Amino acid sequence: MPSDSGHAPQRPLAALLSVALVLVLAWAVVRALNDTGQAGRFSTAPGEALLREGRYSEAVALLERTLTTFDSPQLRIALSQGYMARRDADRAERQAHIALDRVGRYPQLIPAAWTQMGRALAFAGREDEALDAWARAIEEASLPGTPAEVEAQGRSALWHRAMARWAAGEWDAARADLETLARGGDVYAQSARLKGAQLLAPDEPQAAGQLLASPVVTPTVRPAAPDLNVPGLSEGLEPEQAG
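Residues numbered from 1 in each chain as written. Predicted model: local features only at pLDDT ≥ 70, side-chain atom pairs only at ≥ 80, totals over all residues. Heavy atoms only, no water.

**Re the packing of helix H8 (residues 148-167) against helix H9 (residues 171-182)**
Between H8 and H9, the shortest axis-to-axis distance is 8 Å and the interhelical angle comes to 155 degrees. Viewed along their axes, H8 and H9 adopt a mutual orientation that is roughly antiparallel. Seen from above, H8 lies across H9 with left-handed handedness. Contact residues: Arg155, Leu158, Trp159, Arg161, Ala162, Met163, Arg165 and Trp166 in H8; Trp171, Ala173, Ala174, Asp177, Leu178, Thr180 and Leu181 in H9. Split into classes, the residues belonging to the contact of H8 with H9 amount to 10 nonpolar, one polar and four charged. (Axes fitted to C-alpha atoms, helices over the stretch in contact; angles between N-to-C directions. Helix = DSSP H or I, 4+ residues; strand = E, 2+ residues; numbered from the N terminus. Parallel < 35°, antiparallel > 145°, perpendicular 65-115°, else oblique. Left-handed = near helix turned anticlockwise from the far one by under 90°. Contact = heavy atoms within 4.5 Å. Nonpolar A, V, L, I, M, F, W, Y, C, P; charged D, E, K, R; others polar.)

Written as structure tokens, this is what we have:
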């Protein structure tokens, strides 16, 4: 006879809950695998490592192969950097455009996409457009709660803007950017102090000396992009310049 205890109906309920839990876990796994924060970093990391080692052709070949099975804004940014290193301005800009078109779902990558777009435009000789792109990167990277590695993208954009203004003889604007950068503790800060001292030395030698006397802080965040060996677009001063 059926029990009047009320315990029997719990079995199908427990089974339903178990099935629901399995479905939720499966959905979470699929979501993680398709999320650029997980799969994107995993798939792009080997190519980015080759870029940082200066093995540009190998990096581009690997990233292009990866693109046949996986796509993400992060991969497009790395591929744009690889094409820049190989002096292919058209492809570098095209990949940066694709990254920007697809980055909306991943706000943590927006500053990186705009910063790379600025590099690609500057590499193509379109300085005004590059300045606009870097301004967007700086704005996006200055939002409250931004992680340090995302802030680094804004600081990279600020460095490139300072150097573009320097090259154009816009000394006051360049000085303002360098002073902002100098308050940090990364490669951009150290480079900004040296360039700032160079700028101030003729008219304000005491201020220049104070900048040079600032304690050297070992950077805790690596540069926002690899050294692509592109003249005028290094991430901070080259070692021989800094020395």
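**Focus on H8**
Every α-helix carries 3.6 residues per turn, so stepping three or four residues along brings you back to the same face. With 20 residues, H8 should cover 28 Å at 1.5 Å per step; its first-to-last C-alpha distance of 28 Å lies within 8% of that length. Burial of H8 is extensive: 15 of the 20 residues sit out of reach of the surface. Gly169, located one to two residues past H8, shows a positive phi value of around 75 degrees. (Expected span 1.5 Å × (residues − 1). Buried < 20%, exposed > 50% of the residue type's maximum accessible area, 1.4 Å probe, protein only.)

**Side note on the packing of aromatic side chains**
Taken as a whole and judged by the stated rule, the model has one aromatic pair. Geometrically, the ring pair formed by Trp166 and Trp171 is edge-to-face, given 5.6 Å between the ring centres and 85 degrees between the ring planes. Trp166 sits in the buried class, given a relative accessible area of 16%. A cation over an aromatic ring shows up here: Lys195 above the ring of Trp166, its NZ or CZ 3.9 Å from the ring centre. (Phe/Tyr/Trp six-rings, centres within 6.5 Å; stacked < 30°, edge-to-face > 60°. Lys NZ or Arg CZ within 6 Å of the ring centre and 35° of its normal.)

**Quick look at the nonpolar core**
As a rule of thumb, nonpolar side chains are buried together in soluble globular proteins. Met84, Ala113, Trp114, Met117, Trp134, Leu228 and Leu233 are the most contacted members of the largest nonpolar core, which has 38 residues in total. Contributing elements (two or more residues each) for this core: helix H2 (36-52), helix H3 (56-67), helix H4 (73-85), helix H5 (89-102), helix H6 (110-123), helix H7 (127-141) and H8. At eight residues, the largest contribution of residues to this core is made by H6. Those residues in contact with Met117 that sit more than four places away from it in its chain are Glu93, Ala96, His97, Leu100 and Ala133. Judged by nonpolar contacts, the second largest core, of 16 residues, contains Met163, Leu178, Leu181 and Val187. (Core = buried A, V, L, I, M, F, W, Y, C linked by side-chain atoms within 4.5 Å.)

Any link to function would need more than the numbers given here.
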